[in-house]
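# Architecture at a glance
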Amino acid sequence: MATPVSVLRLPKGPDPNSRGFDPKSPRFIALCRTSISTSAASETDAEQLQKEQHTRSVLRESFLRCLLSMANKKVQFYMYEKVKVEATFGASDIDVLNFQVSDLQTPIGVQKEALIRSQDVISYTFDV
């Protein structure tokens, strides 16, 4: 007999095909700002921009691989105010703004299902 699988539905992006966010939107600018000004068209800026984009893509890929390896594992989240919680990691939304977890063990009790805002997390650890 097949095991039923729960589906986590996350909010869609603002465009009709849900393929991302408008690069001119305040949210995109706040979350995806580059450290190099792209208004100047000099060759050194283009080289620096290419290096930065490559570095960002390598870091993004390693972070996504980390998230993938966390699936269905016990993860300890270290949060502000010296709070440590433990939960089984489920998923992350596309912007990595929220983590979906199960069996969240907090200082005041256990929550069966929960969302943890990534802004509240200082660090997290898990066994490989």
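Attention in this report is confined to the structure presented alongside it. (Residues numbered from 1 in each chain as written. Predicted model: local features only at pLDDT ≥ 70, side-chain atom pairs only at ≥ 80, totals over all residues. Heavy atoms only, no water.)

### Side note on the overall build of the protein
- Along the protein, the regular secondary structure elements total two helices and five strands.
- Start at the N end of the protein and walk to the C end: the helices and strands fall as α-α-β-β-β-β-β.
- Here the contacts in the protein between residues at least 6 apart in sequence split such that 35% fall between residues at least 24 apart. (Helix = DSSP H or I, 4+ residues; strand = E, 2+ residues; numbered from the N terminus. Contact = heavy atoms within 4.5 Å.)

### Examining the sheet that holds strand β4 (residues 109-117)
- The five strands are arranged β4-β3-β2-β1-β5 in an open sheet whose pairing can be described as antiparallel. Taken across any chain shown, the strands that pair with only one partner, and hence form the sheet edges, are β4 and β5 (121-126). Recorded for the sheet is a direction-independent mean angle of 35 degrees between the axes of neighbouring strands.
- Bridge analysis of strand β1 (residues 74-79) against strand β2 (residues 83-92) gives six bridges, and the strand direction is antiparallel. Bridging across to β2, Q76 finds its partner in E86. (Pairing = 2+ DSSP bridges. Axes fitted to C-alpha atoms, helices over the stretch in contact; angles between N-to-C directions.)

### Digging into the pairing of β2
- Where β1 folds back on β2, the antiparallel hairpin that results is connected by three residues, among which E81 adopts a positive phi of roughly 65 degrees.
- Sheet topology places β2 next to strand β3 (residues 98-106); five bridges connect them, and they run antiparallel. Bridge pairing in β3 places A91 opposite Q100.
- In this structure, the hairpin formed by β2 and β3 is closed by a connection of five residues, where V96 is found at a positive phi of approximately 55 degrees.

### Some words on the pattern of salt bridges
- Summed over all chains, the structure comprises four salt bridges.
- For the salt bridge of E52 with R56, the shortest nitrogen-to-oxygen distance reads 2.8 Å. A residue pair is termed a helical-turn pair when its members lie 3 or 4 positions apart in one helix, as E52 and R56 do in helix α2 (residues 43-70) at four residues.
- Judged by its relative accessible area of 13%, E52 falls in the buried class.
- Residue class for R56 comes out partly exposed when judged on its relative accessible area of 39%. (Salt bridge = Lys/Arg side-chain N within 4 Å of Asp/Glu carboxyl O. Buried < 20%, exposed > 50% of the residue type's maximum accessible area, 1.4 Å probe, protein only.)

### Brief notes about the nonpolar core
- The biggest cluster of nonpolar side chains holds 16 residues, and the ones touching the most others in it are F77, F89, F99, V101, L104 and I116.
- Listed by contribution, the elements that provide at least two residues to this core are α2, β1, β2, β3, β4 and β5.
- Every residue in contact with F89, bar those within four places of it in the chain, is listed here: L67, M70, A71, N72, K73, V75, F77, F99, Q100 and V101. (Core = buried A, V, L, I, M, F, W, Y, C linked by side-chain atoms within 4.5 Å.)

### Quick notes on unusual backbone geometry
- Even without being a glycine, E81 presents a positive backbone phi close to 65 degrees.
- Looking at where E81 falls in the secondary structure, it is placed in the loop between β1 and β2.
- Assessed through its relative accessible area of 76%, E81 is described here as exposed.
- Of note, the phi angle at K82 is positive, near 60 degrees, even though the residue is not glycine.
- Tracing the backbone shows K82 in the loop between β1 and β2.
- Given a relative accessible area of 84%, K82 falls into the exposed group.

So far we have only geometry, and geometry alone does not tell us how the molecule works.
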